[in-house]
Amino acid sequence: MRVEIPREKLEKWADYLLEYSLDGISKDDVVMIKGEPITWPLIYVLEEKVIKAGGIPDVNLVPPDNDRGKVWSATMARYGTLEQIKRVPQWHIERYRAMTKYIEVLGAENPSLYSNTPEETTRAIMQEDEPIKNIRLAKPWVLTLYPTKGFADLEGMTLERFTEVVVNASMVDPRLLDELEEDIYQVMRRSKTMRIVTRHPKEKRDLELTMSIANRNIVKCTGKRNFPDGEVFTSPDANTVEGEIFVDLPVSYSGVTIRGIYLRFEKGRIVDYTAEEGFDTLQKIIETDEGSHRLGEVALGMNNGIEEVLKHPLFVEKVGGTLHIAIGASYPECFIDQEDSEFAKQQLEEFYKKGIANKSAQHVDIVTDFRPGGTGQAVYLDDVKLEIKDNIWVVPK
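This write-up is about the structure you can find in this document. (Residues numbered from 1 in each chain as written. Predicted model: local features only at pLDDT ≥ 70, side-chain atom pairs only at ≥ 80, totals over all residues. Heavy atoms only, no water.)

### Overview of the sheet that holds strand β16 (residues 363-369)
The five strands lie next to each other as β7-β9-β14-β15-β16, forming an open sheet whose pairing is antiparallel. Because the sheet does not close on itself, it has two edges, and the strands there are β7 (219-221) and β16. Here the average twist between neighbouring strands, direction ignored, is 25°. As paired strands, β7 and strand β9 (residues 231-234) are joined by three bridges and run antiparallel to one another. Bridge pairing in β9 links V219 to F233. On the sheet, helix α10 (residues 182-190) packs against β7, β9 and β14 (295-301) and is oriented at approximately 15° with respect to β9. (Pairing = 2+ DSSP bridges. Helix = DSSP H or I, 4+ residues; strand = E, 2+ residues; numbered from the N terminus. Axes fitted to C-alpha atoms, helices over the stretch in contact; angles between N-to-C directions. Contact = heavy atoms within 4.5 Å.)

### Remarks on the packing of aromatic side chains
Within this structure, the stated rule accounts for eight aromatic pairs. Ring centres of F233 and Y331 lie 4.9 Å apart, and the angle between their planes is 50°; on these two criteria the pair is classed as tilted. Of this pair, F233 sits in strand β9 while Y331 sits in the loop between β15 (322-328) and α13 (342-354), placing them 98 residues apart in sequence. Looking at R216, its charged tip hangs above the ring of F351, at a distance of 5.4 Å from the centre. Note that K224 overlies the ring of Y20, its terminal NZ or CZ placed 4.2 Å from the centroid. (Phe/Tyr/Trp six-rings, centres within 6.5 Å; stacked < 30°, edge-to-face > 60°. Lys NZ or Arg CZ within 6 Å of the ring centre and 35° of its normal.)

### Here we look at the packing of helix α5 (residues 90-98) against helix α6 (residues 119-137)
One way to put it is that α5 packs onto α6 with a least axis distance of 9 Å and a crossing angle of 15°. In terms of orientation, α5 and α6 fall into the roughly parallel class. Once α5 is placed against α6, the crossing between them reads as left-handed. Facing α5, whose interface residues are H92, I93, Y96 and R97, α6 presents I132, I135 and R136. Among the residues making up the contact of α5 with α6, the classes are represented as four nonpolar, one polar and two charged. (Parallel < 35°, antiparallel > 145°, perpendicular 65-115°, else oblique. Left-handed = near helix turned anticlockwise from the far one by under 90°. Nonpolar A, V, L, I, M, F, W, Y, C, P; charged D, E, K, R; others polar.)

### A few points about the sheet that holds strand β8 (residues 226-227)
Read from one edge of the open sheet, five strands run β2-β1-β3-β4-β8, paired in parallel fashion. Every interior strand has two partners, whereas the edge strands, β2 (56-61) and β8, have only one. By the bridge criterion, six bridges tie strand β1 (residues 30-35) to β2 in an arrangement that is parallel. Bridge assignment links I33 to a residue of β2, and that residue is V59.

### So, the pattern of salt bridges
Enumeration over the complete set of coordinates arrives at 35 salt bridges. In this structure, the salt-bridge partner of E308 is R161, at a minimum N-O distance of 2.8 Å. With E308 in the loop between β14 and α12 (313-316) and R161 in helix α8 (residues 159-170), this pair connects stretches of sequence that are 147 residues apart. On the basis of relative accessible area, R161 is assigned to the partly exposed category, the value being 25%. Where R371 meets D369, a salt bridge forms, and the shortest distance between an N and an O atom there is 2.9 Å. (Salt bridge = Lys/Arg side-chain N within 4 Å of Asp/Glu carboxyl O. Buried < 20%, exposed > 50% of the residue type's maximum accessible area, 1.4 Å probe, protein only.)

### Digging into α13
Compared with an ideal rise of 1.5 Å per residue, which puts 13 residues at 18 Å, α13 spans 19 Å between its outermost C-alpha atoms and is within 8% of the ideal. When we look at burial in α13, the residues that qualify are A344, L348, F351 and Y352. Projected down its long axis, α13 shows its buried positions confined to an angular sector of 100°, all on one face. Of the exposed residues in α13, the ones pointing more than 90 degrees away from its buried face are E342, F343, Q346, K353 and K354. (Expected span 1.5 Å × (residues − 1). Arc of directions from axis to C-beta.)

Laid out in structure tokens, this is it:
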């Protein structure tokens, strides 16, 4: 079941992804376009445009029981052995190596097909998938979300309304975000520390989470990797994360809603955690590997054009006036400038060895609302307390 999206809107959406997010397609490009068959209307338009531009499309259709086209499906997690999971076909790896650019069209026919899988095999699949994930992350890539009934049901919305929210947000020119994010970007660049104050709604007490962002690269997100977009992020010194945080906005992970998350960090490591809903799934995420006990990202949501707060991470983390942290892997670009140089690679390995940067098979964004009614209370960059105006973060004058 799908809502028909007008061809002209699919064309505009595809043009943003190909011409803006991926900086155009040449005859030398092999573009992997990955998604479930239910997302075909957008995949088809993307395929057509890649061919017309002279490139080669590699359409990677994902089985409905495989969350985001990992190396193995939920069926393998349920019935396979650890030995089977390790036997990743070489052709699968080579397929990712052969591409030059990557588009992932998120959208599931039935998210319940890959929810509630066994913890041990699910963790093993994540670990086997990590090297392949790293191959694609090293190349130009972009993610977008196609509206499906399966995801609309997770949001508790009609498919018609869900489609309207997703498509409307995907029609906005991402270049408008650049100026909007500039002031926050500049103050983050100058800052050494970040302090986040949230309120525990049941215990009626304020929580503080602190971390160092000194000497980190700050990234403005304007549609180059996520579409729609709208955040300013960095990866903190993972060793310095200390304190507690309450995360109130629900997020969907592998078809399961997680809500009301409490985390406590000591010396950069999560040592205590609870969730009001979806605790078992949160536990699977955190217990994936050593890196998933640590923090990989902190970011401020800057998009005030998203009409409703959705559970899907691609949308909820972008909502203006929110803050999200990511459990798991750090972003290398926050630590080094030129990822391809040998010197930069050596630098990054040193950061990993010292625990400043963080490796993990996971990178899961969870979001706190700092708008009226949310559990977020205050965000400080050094001594500057940020404000919210017109549903986006601003630097006080």
